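One letter stands for each residue in the lines below.
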Amino acid sequence: ITRIFDPNEGSIYIDNINIKDLSEKELRKQISIIRQEPFIFNRSILDNFKLINENITLKEVRKYSKMAYLDDYIMSLPNKYDTILGEGGVNLSGGQKQRLSIARTLAKNSKIILFDEATSALDNSSQEYIKKSIDNLVLNHTVVIVAHRLSTIIDSDIIYVVDKGKVVSKGKHNELLKSSHIYKKLYETESLNS
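Thresholds applied
Along each chain, numbering runs from 1 in the same order as the chain's sequence is written. Totals for whole chains, interfaces and linings use all residues, but because this is a predicted model, local features are given only for residues with pLDDT of at least 70 and pairs of side-chain atoms are given and counted only at 80 or more. For side-chain calculations, the full set of non-hydrogen atoms in the structure is used, while hydrogens and water are omitted. Here a strand pair is declared whenever DSSP counts at least two bridges between the two strands. Working definition: helices are DSSP H or I runs of at least four residues, strands are E runs of at least two. Numbering for both runs from the N terminus. To obtain an axis, a line is fitted to C-alpha atoms, over the contacting stretch when the element is a helix, and the angle between two such axes runs from 0 to 180 degrees between their N-to-C directions. The rule for a salt bridge is simple: a side-chain nitrogen of Lys or Arg has to be within 4 Å of a carboxyl oxygen of Asp or Glu. Accessible area is worked out with a 1.4 Å probe on protein chains only. A residue is then buried under 20% of its type maximum, exposed over 50%, and partly exposed in between.

(A) Spatial organisation of the sheet that holds strand β3 (residues 31-35). Spatially, the three strands line up as an open sheet ordered β3-β4-β5, and their pairing is parallel. Each edge of the open sheet carries a strand with a single partner, namely β3 and β5 (142-146). Taken pair by pair, the neighbouring strands of this sheet meet at an average axis angle of 15 degrees, ignoring direction. Bridge count for β3 against strand β4 (residues 112-116) is five bridges, and the pairing is parallel. Its bridge partner lying in β4, I33 is registered against L114.

The following block contains the structure:
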């Protein structure tokens, strides 16, 4: 989707535009990626936002942090948004790093957001915050989630089940429970483990 690689077959369209007809810069400006291990810089929380938008105000940063369920935690810190995060965000939990990454994505205001296993290493409480944040994102963005934890994707408009590199099923959660043996098995296994 970000054109790091072009497809060997077929085409990818966004709003009826072939992504090959867009410059990489133009395309990537509209896409944000939230990774399993987000990039957090050894700067203040506010400075981590200024890397996305140098003119962003503290009021805007707080608005996005509230949408990502992070503002209350930041405001409890002695230095609040001036708190230095440490290399790789060492002073934050995994869930807080993900929520900071979501808040920065909101500040970038890209139209497409890709979650790449963004909840795989989180505990259930942190995952619930991320799920709430995603619920806020889907109102104004196209969200693509790659996940093994099905609780992250259960409310998705469409779920693609991939097995051995091929799409083997697609549909909504309830449909896939009935039609896809692989999906049902994954869901039952996850339910037993939680």
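(B) Quick peek at the pattern of salt bridges. Evaluation of the coordinates by the stated rule reveals five salt bridges. Between R62 and D71 there is a salt bridge, and its shortest N-O distance comes to 2.8 Å. Overall, R62 belongs to the partly exposed group, its relative accessible area being 26%.

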